[in-house]
Amino acid sequence: KNFFKGNPANTSGELPSKGVTAPDFTLVKTDLTHLSLSELRGRKVVLNIFLSLDTSTCAASVRRFNKIAAEKPGTVVLAISKDLPFAHNRFCTTEGINNVITLSGFRDTLFGKLYGTDIVDSNIRGLYARSIVVIDENGKVLHSQFVKEMSEEPDYDSALATL
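No experiment lies behind these values; they were computed from the predicted model shown. (Residues numbered from 1 in each chain as written. Predicted model: local features only at pLDDT ≥ 70, side-chain atom pairs only at ≥ 80, totals over all residues. Heavy atoms only, no water.)

## Overview of the packing of aromatic side chains
Considering all chains together, one arrives at four aromatic pairs under this definition. Consider the rings of Phe 25 and Phe 111, whose centres lie 4.9 Å apart with planes at 80 degrees: the pair is edge-to-face. With Phe 25 in the loop between strand E2 (7–8) and strand E3 (26–28) and Phe 111 in helix H3 (residues 111–115), the pair connects residues that are 86 residues apart, well separated along the chain. Consider the rings of Phe 111 and Tyr 115, whose centres lie 4.8 Å apart with planes at 20 degrees: the pair is stacked. Here Phe 111 and its partner Tyr 115 are both found in helix H3, four residues apart, which amounts to about one turn of the helix. Counting every residue linked through ring pairs, the aromatic cluster contains Phe 25, Phe 111, Tyr 115 and Tyr 128. (Phe/Tyr/Trp six-rings, centres within 6.5 Å; stacked < 30°, edge-to-face > 60°. Helix = DSSP H or I, 4+ residues; strand = E, 2+ residues; numbered from the N terminus.)

## Notes on unusual backbone geometry
Here the phi dihedral of Leu 32 falls at roughly 75 degrees; this positive angle occurs in a residue that is not glycine. Topologically, Leu 32 is positioned in the loop between E3 and strand E4 (34–36). For Ser 122, which is not glycine, the phi dihedral falls at a positive 75 degrees. Residue placement: Ser 122 occurs in the loop between H3 and strand E8 (131–135).

Fair warning: the whole summary comes from geometry, so function is off the table for now.
Laid out in C-alpha cells, this is it:
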C-alpha cells in the first residue's frame, strides 16, 4: 500500500522483482526524441521514478542521483516522470543537472503499466508513484523499491549497494 501525505494512493501493479528482465520502454527526452531502455544495454541503469519535478522531494532526488551518477562510471540514471520535456529541460538547466537523463511519460501509456507505477486513485492519480529500479548491464533487475510514503525520499543506500 502506498500513501501520499498520509492518504492512500494505490498503484496499477508491482515493480519488477529482483532477477527478472526489466521490461523495455520508450520515453521522451528533453529534445523530444525518444530513448528506449534496450539502448542502454551494457550499462547499469537506475530508474528514479517520481511524481513531478515541481515537488521539493522529487527535485531533491534528482539532485542526489545527479551526484551519484557522476561518481559511478558505467551507470546511467534515468529520471522519469509525467512532467513535460520542457519542464525537465528547464529544471536541469536551472539546477545544473547534467549527469541524469530525464524522460517524460507524457506520450506513453505503457511504462506505468509495465512497471506498476501508475497511480490509479487519490488526488494524484495519473502520475507515477515514487520508486527506484536498478538494472544490471544485461537488463536484469537488481533492486526495486516503492517508496511507501511518496512525499518522502527513496532509500538511496539500498539502491546504491546494488551498484
